[in-house]
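Given next are the chains, with one letter for each unit.
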Amino acid sequence: MSAAGAVVVGRRAPVQVAIVGAGFIGAVHARSARLAGARIVGVTASTPERSEEAAGRLGAVRAYDVAEELVTAPEVDVVHLCTPNHLHAPLALAALAAGKHVVCEKPLAVDAVQAAELGTAAAASGRVATVPFVYRYHPMVLEARARVAAGELGAVRLVHGGYLQDWLSTPEDDSWRVDPELGGASRAFADIGSHWCDLAEFITGDRIAAVCAQSATVVPERAQRAGARPFQGGGDAAERRPVSTEDLVVMLFRTEGGVLGTMLVSQVSPGRKNHLHIEVGCELASVRFEQERPETLWLGRRERTEELWRDPAHLSPSAARHAIVPVGHPQGYLECFDAFVADTYAAIGGADPDGLPRFAAGVRQAHVTAAVLVSAERGEWVDV
Ligand code: SOE
């Protein structure tokens, strides 16, 4: 077995990687793993036939029919879990117990209790365990974070924004995420609200302390298409069934530092594809980041506003670290994933990369999600 980080002829042996789940995000993980120099030694998908197909498509040495066999296989150093949420905990626990490092898709688990169990197991294992809150890796997000931390903008006064999508806008749109047995009690907030809240805390250096939320299921019935993929509508005609998980959330929040904020989450907003937007209003200036336009950061002052471009020559060091091509050559989502996986593997090699979202970040957002569910149910403020 090649221990990750073993030196072979003066260079590290390639990290040996397992990918569980071969949908849209599994392919993204596999691409970033290969770019980081890893060897994909096994893939498991939802059926043996799909596992064989995925092994060829993702460049894996072989397919495994059984995920538990793959995540404990002797030749595996790192397990990437890209399955529906209900499988995260059993597979992550098995992998950690077998001495593997783990990259687990968000949300970490189906609820905060299970997420906490994973956080505890990861801490006890001494292994590297990370969660792809990859939007942290946009250089202009890092620039906003650096400027807030440096005090250049003054004290934070207000945080607002949202995350809007439209891939679940109609009753014909479906996903395993709609089913609470597979995704958990929260769907939209756990899936993408977690990204926004992680980013709000990452940029401001503050933490959400209390929430007041309302949620709605505005598509009360959906066609049953568990195999449907995000952003790929349509599919065969199917029976409809009632839906309990939320399509949208509106939320007020207060941070530990006393800052107020508001945010919206929706997966039923026609025309909004992956519209994560966040604005931090400070004493001297405001900054706004839009994920669909990641090459710039809006910086507003009373006397003037400007649009900062991702120019490595003019970025803070933490932002420049991930600006890998000159300004005017757009970087995007995939480069964020590449940087996240590279930082995860660097951590396996003994580094401690700044801002690497470890399991604790996933546990954190599970607690925020749990508070949102309780607040939406009770219609009152709830502490996180
Ligand atoms: C679907 O909402 C999804 O693929 C999320 O699961 C991802 O985390 C997000 O980055 C894009 O949208």
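Before reading on, note that the structure itself is shown above.
Definitions and cut-offs
Residues numbered from 1 in each chain as written. Predicted model: local features only at pLDDT ≥ 70, side-chain atom pairs only at ≥ 80, totals over all residues. Heavy atoms only, no water. Pairing = 2+ DSSP bridges. Helix = DSSP H or I, 4+ residues; strand = E, 2+ residues; numbered from the N terminus. Contact = heavy atoms within 4.5 Å. Axes fitted to C-alpha atoms, helices over the stretch in contact; angles between N-to-C directions. Patch = residues over 30% accessible without salt bridge, like charges linked within 9 Å, V, L, I, M, F, W, Y side chains within 5 Å. Areas by Shrake-Rupley, 256 points an atom, 1.4 Å probe, with all protein chains shown as cover. Salt bridge = Lys/Arg side-chain N within 4 Å of Asp/Glu carboxyl O. Lys, Arg positive; Asp, Glu negative; His and termini not counted. Charge placed at Lys NZ, Arg CZ, Asp CG, Glu CD. Near = heavy atom within 4 Å. Polar contact = N/O pair within 3.5 Å; in protein donor to acceptor, adjacent residues only side chain to side chain.

Undergrad: Whenever I open this one, the sheet that holds strand E9 (residues 208–216) confuses me. Can you help?
TA: Note on sheets: strands pair through backbone hydrogen bonds, and any given pair is parallel or antiparallel. If you walk across this open sheet you meet the 9 strands as E17-E16-E15-E14-E8-E13-E12-E9-E18, and the pairing is mixed. The open sheet terminates on both sides in strands that have one partner only, identified here as strand E17 (305–309) and strand E18 (382–383). Of the pairings in the sheet, the one linking strand E15 (residues 286–290) to strand E16 (residues 296–300) comprises 3 bridges and is antiparallel in character. Each residue of the ladder has a partner; that of Val287, found in E16, is Leu299. Against the sheet, helix H11 (residues 359–378) touches E9, strand E12 (248–255) and E18, its axis set at about 50° to E9.

Undergrad: Where do I start with the pairing of E17 in this structure?
TA: Consecutive side chains of a regular strand alternate in pointing toward one face of the sheet and then the other. The pairing of E16 with E17 spans 5 bridges and is classified as antiparallel. Along E17, the bridge assignment pairs Leu297 with Leu308.

Undergrad: Please clarify how a negative patch on the surface should be interpreted in this entry.
TA: Residues Glu49, Glu52, Asp65 and Glu69 make up a contiguous surface patch of negative charge. Note on placement: Glu69 falls in helix H3 (residues 67–71).

Undergrad: What's the story with the site of the ligand in this structure? I'm lost.
TA: Taken together, 13 residues are adjacent to the ligand, and Lys106, Tyr135, Gln165, Asp191 and His195 come closest. With respect to the ligand, the side chain of Lys106 contributes an N or O atom lying 2.7 Å from an oxygen atom. With respect to the ligand, the side chain of His195 contributes an N or O atom lying 2.8 Å from an oxygen atom. Protein burial of the ligand: of its 310 Å² of free accessible surface, 95% is covered by the chains. The leading source of residues in the shell around the ligand is helix H8 (residues 188–204), at 3 residues.

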